[in-house]
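# Descriptive analysis of the structure
Chain residues, written in single-letter form:
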Amino acid sequence: MTDHHYTVVGRWPFPPEMPGHDRSEPATPEDAEKIRLLSRPHVSNRAELDEEVSINLVMRDCGRWRPNTARWESFDWKVPGDKLYAAMKADRAEHAKRVADLKSGLAKLSPDELEALEYHGFQRPGM
């Protein structure tokens, strides 16, 4: 088994339960300090709210385990190195666009045109 290093990027507040959820820990003492500061219930100045921060995490002896990027995103944090998740998200967005375009096109057809399509075996997507 090997360690898996990854970086999360975001702004205050940091979701302190996420490293445990991903079976991760801060990669360095500096990263642990960033987590501590960003997990506080308040900020000391306005600049802390706007500053984007990178935190390095490590999963020890993780095998094939990956961070839960979708859950990180639910807290407005990103995992920029998760290329598999990024590709999946792009595929889903492309599919949703194509289905919306198809539905829009079908809505413009007359009942006779729709019947002709169905006669030739076209099955309309769920609407």
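Located above this text is the structure these notes cover.
Before going into details, it helps to say that this report is about the structure given with it. Fair warning: this is a prediction, and the values are worked out from it, not measured in the lab.

### Some remarks on the overall build of the protein
Across its full length, the protein holds six helices and three strands. In terms of overall size, the protein is more extended than a compact globule, its C-alpha atoms giving a radius of gyration of 22 Å where 127 residues would be expected to give roughly 14 Å. By its C-alpha atoms, the protein is 70 × 45 × 20 Å across when sized along the principal axes. Evaluated residue by residue, the protein yields a buried proportion of 23% over its 127 residues. Within the protein, counting contacts between residues at least 6 apart in sequence, those at least 24 apart form 71% of the total. Across the protein, 19 positive and 22 negative side-chain charges occur, with their mean positions spaced 0 Å apart.

### Looking at the packing of aromatic side chains
In total, this model carries three aromatic pairs according to the counting rule given. Ring plane angle 85 degrees and centroid distance 5.1 Å describe the contact between Phe14 and Trp77, whose orientation is recorded as edge-to-face. Residue Phe14 is located in the loop between strand E1 (4-10) and helix H1 (18-21), and its partner Trp77 is located in the loop between helix H4 (69-74) and helix H5 (83-107); the two are separated by 63 residues in the primary sequence. Owing to a relative accessible area of 2%, Phe14 belongs among the buried residues under this scheme. Through a chain of ring-to-ring contacts, the aromatic side chains of Phe14, Trp72 and Trp77 assemble into a single cluster.

What counts as what
Residues numbered from 1 in each chain as written. Predicted model: local features only at pLDDT ≥ 70, side-chain atom pairs only at ≥ 80, totals over all residues. Heavy atoms only, no water. Helix = DSSP H or I, 4+ residues; strand = E, 2+ residues; numbered from the N terminus. Rg over C-alpha atoms; globule rule 2.2 N^0.38 Å. Buried < 20%, exposed > 50% of the residue type's maximum accessible area, 1.4 Å probe, protein only. Contact = heavy atoms within 4.5 Å. Lys, Arg positive; Asp, Glu negative; His and termini not counted. Charge placed at Lys NZ, Arg CZ, Asp CG, Glu CD. Phe/Tyr/Trp six-rings, centres within 6.5 Å; stacked < 30°, edge-to-face > 60°.

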